[in-house]
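Observations on the three-dimensional arrangement
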Amino acid sequence: MAMLRRAAAVLGCAAVLAGCAAAACRLPGCWPLTAAAFLQDPFAATAAWKTVLTQQPTVPAQAETLSVPQPTAAPTPQPTPGPAQPTAEPSPAVTAPPDLEDAGPILERQFGQGSGDGYLELGAGSIKNDTDRPDSELAAALQQPMPFTIDPDSDEPQILILHTHATETYQPWDTLLYDPTFTARTTDTSRNMCAVGQAMADVLNEAGIVTLHDTTLHDSPSYTESYARSAQTARKYLEEYPSLRVVLDVHRDAIESDGARVKPVAQVDGEATAQVMIIAGCDNGTTVQLPDWQQNLRFAAAWEEQMEQSWPGLTRPVLCGYRFYNQDVCPGALLIEIGGHANTLSEALRAGRLAARALADLFLGS
């Protein structure tokens, strides 16, 4: 009986201590720790930083330390026969936001297509001419045949997907508020750009187009020189697999306006879907050396038209500018932005699958 009384006393003390701990976490100064525990994210306590569309962000000094793995030759995946349909897999659960005292607003925006000077209108979609070259010069490039073909019956890899900025990630909840301390980066490949790239690769492989996906974190632990590292990865794969025709560098954007994060989103088949944007570089004769840029632009225009024709509103105009982005590795090398840091991962995965499905349809003639 005495033992029972001592046990009850111990349990009672434990309950009191638990109650005190819970109350302490509700104190005003405790919300950052609550948010970090809620998100269960290793970078939730890093210093806040912001990026804009025309700026390159830097990784905070407190970012995780991780050795950059050297790319290895990936095994040739076996495609699953069937139509080019998005992979039927559940989207990640969207969490509810913690009690944020200094939350910032998120603005939803559907970017439209462009027209008039500085834009090239396609059968569906458009191209923004962000260069000094006349629109007529870009238009002439679009009249050329596609610079390569895809063999859907081949057992050899045709497409490579990689990520220069693999640690980019998305908004953890769908409420239109963001945590200013949230860096929108993680090395967790189930939540960063590797998750989107895998969803795209799955769609392409299921369509019968053999696709490789490299998950090297080229921007961790150092953001600088990440493009030099991803270029090495791309060239290694091209040397190992001469059959490769397309190299896709999959990113997400980071758009901000007056302290708000902007969420590029469209309703596709009744579901919120991140908008996507292709970037095709252009040679400027000096700092950007892309002598065959017209071929990459021709490919970008074909993919843009296929996406926008299939799902109006899915895309933002293709950006043709003086950007390098390793697009000299082959005529089928492009960079694509899948949503932005204010989109949820679910919205980005949906967009990635649709973009990949359109690419499969383009090559399969569907």
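What this report covers is the structure whose coordinates are included nearby. (Residues numbered from 1 in each chain as written. Predicted model: local features only at pLDDT ≥ 70, side-chain atom pairs only at ≥ 80, totals over all residues. Heavy atoms only, no water.)

A closer look at the sheet that holds strand β6 (residues 211-213)
Which entries qualify depends on this criterion: Strands pair, by our definition, only if DSSP identifies at least two bridges between them. Secondary structure elements follow DSSP: runs of H or I no shorter than four residues count as helices, runs of E no shorter than two count as strands, and numbering proceeds from the N terminus. The axes used here are C-alpha line fits, helices contributing only the stretch in contact, and every angle between their N-to-C directions lies in the interval 0 to 180 degrees. Should any heavy atoms of two residues lie within 4.5 Å, those residues are considered in contact.
Pairing is mixed in the open sheet, where eight strands are placed in the order β2-β3-β12-β11-β13-β7-β4-β6. Every other strand in the sheet has two partners, leaving β2 (119-121) and β6 as the edge strands with one partner each. Sheet twist, expressed as the average angle between the axes of neighbouring strands with direction ignored, equals 25 degrees. As defined by bridge partners, strand β3 (residues 126-130) adjoins strand β12 (residues 318-321) across four bridges and the pair is classed as parallel. Considered in β12, the bridge of Ile127 is made with Val318. Together, β2, β3 and β12 form the strand contacts of helix α3 (residues 135-142), whose direction differs from that of β2 by roughly 35 degrees.

Quick word on the packing of aromatic side chains
For the record, the criterion: Two aromatic rings from Phe, Tyr or Trp, using only the six-membered ring of Trp, form a pair when their centres are within 6.5 Å; if the ring planes differ by under 30 degrees the pair is stacked, by over 60 it is edge-to-face, and anything between is tilted. For the exposure calls, accessible area comes from a 1.4 Å probe over protein chains only, and a residue counts as buried if that area is under 20% of its type's maximum, exposed if over 50%, partly exposed in between.
One pass over the structure, following the stated rule, counts six aromatic pairs. An angle of 25 degrees between the planes, with centres 6.1 Å apart, marks the rings of Phe299 and Phe363 as stacked. Note that Phe299 is positioned in helix α6 (residues 293-310) and Phe363 in helix α7 (residues 345-364), a separation of 64 residues in sequence. For Phe363, a relative accessible area of 14% puts it in the buried group. Cluster of aromatic residues (ring-pair linked, three or more members): Phe148, Phe299, Trp303 and Phe363.

Considerations on the pairing of β12
The alternating pattern of β12 places Val318 and Cys320 on one face and Leu319 and Gly321 on the opposite face, and all of these are buried. In the sheet, strand β11 (residues 276-281) pairs with β12 via three bridges, with the strands oriented parallel. Following the sheet pairing, Ala280 is matched in β12 by Cys320.

Considering the packing of α6 against α7
Two quantities define a packed helix pair, namely the angle between the axes and the distance from one axis to the other. Rules: These descriptions rest on fixed angle ranges, namely under 35 degrees for roughly parallel, over 145 for roughly antiparallel, 65 to 115 for roughly perpendicular, and the rest for oblique. If you view the pair so one helix is near and one far, a crossing is left-handed when the near helix is turned anticlockwise from the far one by less than a right angle, and right-handed when it is turned clockwise. When residues are sorted by character, Ala, Val, Leu, Ile, Met, Phe, Trp, Tyr, Cys and Pro go into the nonpolar class, Asp, Glu, Lys and Arg into the charged class, and all the rest, Gly among them, into the polar class.
At a minimum axis separation of 9 Å, α6 and α7 run at an interaxial angle of 110 degrees. Put simply, α6 runs roughly perpendicular to α7. With respect to the hand of their crossing, α6 and α7 are arranged in right-handed fashion. In contact with Phe299, Ala302, Trp303, Gln306 and Met307 of α6, α7 contributes Ala355, Ala358, Leu359, Asp361, Leu362 and Phe363. Within the contact of α6 with α7, the residues separate by chemical class into nine nonpolar, one polar and one charged.

Topic: the packing of helix α4 (residues 193-206) against α7
Where α4 contacts α7, the axes come no closer than 8 Å and their chain directions differ by 35 degrees. Every pair of crossing elements has a handedness; the one defined by α4 and α7 is right-handed. Contacts between α4 and α7 involve Ala195, Val196, Ala199, Met200, Val203 and Leu204 from the first element and Leu345, Ala348, Leu349, Gly352, Arg353, Ala355, Ala356, Arg357, Leu359 and Ala360 from the second. Here the residues of the contact of α4 with α7 are counted per class, giving 13 nonpolar, one polar and two charged.

Concerning the nonpolar core
Within soluble globular proteins, side chains that are nonpolar tend to cluster in buried spots. Rules: Remark: nonpolar core denotes a set of buried residues (Ala, Val, Leu, Ile, Met, Phe, Trp, Tyr, Cys) joined through side-chain atoms within 4.5 Å.
Membership of the largest hydrophobic core comes to 57 residues, with the highest contact counts inside it found for Ile159, Val196, Leu248 and Trp303. The contacts of Trp303, once residues within four sequence positions are left out, are Met200, Leu248, Ile278, Leu334, Ile336, Ala355, Ala358, Leu359 and Leu362. Leu160, Ala234, Val329 and Ala333 belong to the second largest nonpolar core, which has 12 residues in total.

Considering the pattern of salt bridges
To be explicit about the condition: Criterion for a salt bridge: a side-chain nitrogen of Lys or Arg within 4 Å of a carboxyl oxygen of Asp or Glu.
Under the counting rule described, the total for this entry stands at 10 salt bridges. Salt-bridge contacts for Glu256 lead to Arg261; the nearest nitrogen and oxygen are separated by 3.6 Å. Judged by relative accessible area, which is 17%, Glu256 ranks as buried. When its relative accessible area of 1% is taken as the criterion, Arg261 is described as buried. Note that Glu347 and Lys263 form a salt bridge whose closest N and O atoms lie 3.0 Å from each other. Residue Glu347 is located in helix α7, and its partner Lys263 is located in strand β9 (residues 260-268); the two are separated by 84 residues in the primary sequence. Using a relative accessible area of 2% as the deciding quantity, one classes Lys263 as buried.

Quick look at the environment of Arg235
The residue Arg235 is located in helix α5 (residues 226-240) in this model. On the basis of relative accessibility, which here comes to 42%, the residue Arg235 falls in the partly exposed class. Sequence separation of Arg235 and Asn326 is 91 residues, and the distance between their C-alpha atoms is 9.9 Å.

So, the environment of Thr344
With respect to the element layout, Thr344 can be found in the loop between β13 (333-340) and α7. Under the relative-accessibility criterion, Thr344 is labelled buried at 4%. Measuring from C-alpha to C-alpha, the distance between Thr344 and Thr273 comes to 9.1 Å, with 71 residues separating the pair along the chain. What Thr344 contacts, discounting residues up to four positions off in sequence, is Tyr170, Gln171, Trp173 and Asp174.

Any functional reading would require information beyond the geometric quantities listed.
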